[in-house]
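One-letter residues, chain by chain:
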Amino acid sequence: MDRRHFLLVPPSLALGSLALPSTSLSASIAIHSKTQLLARSGKGPRIVICGGGWGGMTSARYLRKLIPDAEVVLLERNPTFWSGPMSNKWLIDIVDTDFLNHDMLSPANKYGYTLINTEVTAIERDKKTVRTTHGAIDYDYLILSGGIRNAYEAWFGNDVRAAEYTRQHFPNAYIPNAEMFALKNKLKSFKGGTIVMTLPPPPHRCPPSPYERACLMAWHIKTNKIPGKIIILDPKPKIAPIGEGYKAAFEELYPDIITHVPNAKVTEVDPFNKRIKTAAGDFDFDDAVLMPPHQAADMVWYADLIGTGADGKPTGWADIHPRLFTARADEDVYVVGDSMGFISDQFGHYPKSAHVAHAVAKIVAQNIAERVAGKDVVPVLPDNLCYMMVNGDPQEEISVVFEYELDANGKVLQTQIDMDVRTADLVKEDFAWIESRFNDFL
Ligand SMILES: Cc1cc2nc3c(=O)[nH]c(=O)nc-3n(C[C@H](O)[C@H](O)[C@H](O)COP(=O)(O)OP(=O)(O)OC[C@H]3O[C@@H](n4cnc5c(N)ncnc54)[C@H](O)[C@@H]3O)c2cc1C
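Note on numbering: residues in each chain are counted from 1, in written sequence order. Owing to the predicted nature of the model, reporting of local features is limited to residues with pLDDT of at least 70; listing and counting of side-chain atom pairs is limited to 80 or more, with chain, interface and lining totals taken over all residues. Neither water nor hydrogens contribute to the side-chain values; these are computed over all heavy atoms in the structure.

## Looking at the site of the ligand
Around the ligand there are 36 residues in total, and G55, E76, V120, R205 and D338 lie nearest to it. Contact distances for the ligand include 3.0 Å between an oxygen atom and a side-chain N or O atom of S145. One nitrogen or oxygen atom from the main chain of K352 is found 3.1 Å from an oxygen atom belonging to the ligand. Accessible surface area values rest on a Shrake-Rupley calculation with a 1.4 Å probe, where residue burial reflects the displayed protein chains alone. Calculation on the ligand without its partners gives an accessible area of 990 Å², and the protein chains cover 98% of this total. Breaking the shell around the ligand down by element, the ones donating at least two residues are helix 4 (54-66), helix 5 (87-91), helix 11 (209-223), helix 14 (354-372) and strand 23 (384-392). Ten residue types, Ala, Val, Leu, Ile, Met, Phe, Trp, Tyr, Cys and Pro, are classed as nonpolar, four, Asp, Glu, Lys and Arg, as charged, and the remainder, Gly among them, as polar. Looking at the shell around the ligand residue by residue, the class counts come to 13 nonpolar, 16 polar and seven charged. Note on terminology: near, applied to a residue and a molecule or strand, indicates that one of the residue's heavy atoms is within 4 Å of it. By the criterion applied in these results, polar contacts are pairs of N or O atoms within 3.5 Å in which, for protein atoms, one can donate a hydrogen and the other can accept it, and in which residues neighboring in sequence qualify only through two side-chain atoms. Numbering goes from the N terminus for both helices and strands, where a helix is a DSSP run of H or I of at least four residues and a strand is a run of E of at least two.

## Focus: the UniProt feature "domain: FAD/NAD(P)-binding" (unreviewed entry) in the protein
When the UniProt feature table is mapped onto this chain, "domain: FAD/NAD(P)-binding" (unreviewed entry) is found at residues 46-150. Note that residues 46-150 is 28% helix and 39% strand, and that its end C-alpha atoms are spaced 31 Å apart. UniProt positions are given in the numbering used here, feature names are shortened, and annotations may be inferred rather than shown by experiment.

## Brief notes about the nonpolar core
Proteins that are soluble and globular tend to have nonpolar side chains buried together. Within the largest apolar cluster, 123 residues are counted, with the highest numbers of intra-cluster contacts made by L75, V130, L144, I230 and Y246. Among the elements that take part in this core, helix 14 stands out by supplying 10 residues, more than any other. Counting residues in hydrophobic clusters, the runner-up holds 18 residues, among them W155, F170, I231 and V266. Put simply, a nonpolar core is a bunch of buried Ala, Val, Leu, Ile, Met, Phe, Trp, Tyr and Cys residues held in one set by side-chain atoms that sit within 4.5 Å of each other. Burial classes follow relative accessibility: with a 1.4 Å probe on protein chains only, a residue under 20% of its type's maximum area counts as buried, one over 50% as exposed, and anything between as partly exposed.

## Let's talk about the state of the cysteines
Criterion for a disulfide: a pair of cysteine sulfur atoms within 2.5 Å. Under the counting rule described, the total for this entry stands at zero disulfides. A disulfide-free cysteine, C206 has its sulfur positioned 4.5 Å from the sulfur of C386, the nearest such atom. Just so you know, C215 is unpaired, no disulfide at all, and the nearest cysteine sulfur is the one on C206, 13 Å from it.

In structure tokens, the structure reads:
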């Protein structure tokens, strides 16, 4: 990494502890830094996609469909695909592990792209090269779909020990990795006491989903008659989105279990003594789901594509063209999914959802196909839709729909419709939604 790239990596990486934890990984980077990951094949453009989650796998499938002679290479560090959607339901066994966790080789073979299991460690845009733990790969177009990172340094500064302790003892399971199993095991063995759940400040991954998680954990506590309570520490002044639906669920289904505390911006976290200070008071806990602020995935920082706010500080999110999804600093780099930054002063960011990641991935594949064919790119906007389960028996959900349009000045405008009445019909729609999406890219 040159000095510029080094200075721009998030503090956690600069400290060399959270995301580059082991000397074996550093050694591997050194050994493989000169290795060519994959020789070019064919005459078409090479499109490299970093991150094989919702956005990355969808991009790969549609690029192969729309640009048949393109060489599409997907770089993903996990051996299998894990879905965020439905993972709260999985915590209480409404769906099983096979529903969330999928083989990635079959879709790669079915759709004809190359999948390489490796960790992206640097991006040199001046050389159009991605560096990984297994070698370097050059590209004509690059798509970054790495999701989010947990910005623990917002709480702990340079105290890597506190950050690691928090991650290990109070996992939040918001990134597809082993934390999901850890949280599920914790819930299964929970015998009672107070669980505190911190919500990140907006924008963050899947805004309604922490409340869904609280409801389903509360349902488990209620059903199993566990003497437990859940305190939601919310930095926002009120529950959003689907605020009325969640409020009704908290009050009608879990009045003795869930307490929602608004305006509870976290000011200090002491994971060792299980104590949190917030703008709404101090809280001791027996167990916790601790979500620090979210930011764009590390790879966006490596690529030096993080935006700068009016205060001159990094926004934490990719600086992109709001209608074309290209990085403002580099039109050959696209950002898809949760890493995408500011879109419109009417609503800020697109909701960081799988629905949006999937929709934008298809749009970006279409946009690249138009460019490769020498055509003008026609801007297309996504939509968004999220279903959230609030009751385990009978199974009932609420939902939210977002629609987007362009005004006469080209600004993106959002309309939000909350479905606050919980129904069993929305559960059916939810399962139909995810099956149609899984069938599209898995
Ligand atoms: C509990 C929960 C519930 C949710 N519920 C819903 C829902 O009901 N509906 C909905 O629409 N959305 C929901 N979401 C949100 C959804 O999961 C995300 O918005 C979606 O996954 C974003 O897609 P993405 O491609 O940006 O990121 P991801 O799907 O997270 O994919 C990113 C991929 O990049 C990989 N990666 C990251 N860094 C590197 C690297 N350096 N090298 C190699 N690979 C890397 C990761 O391993 C990962 O596979 C939920 C999320 C959670 C956590």
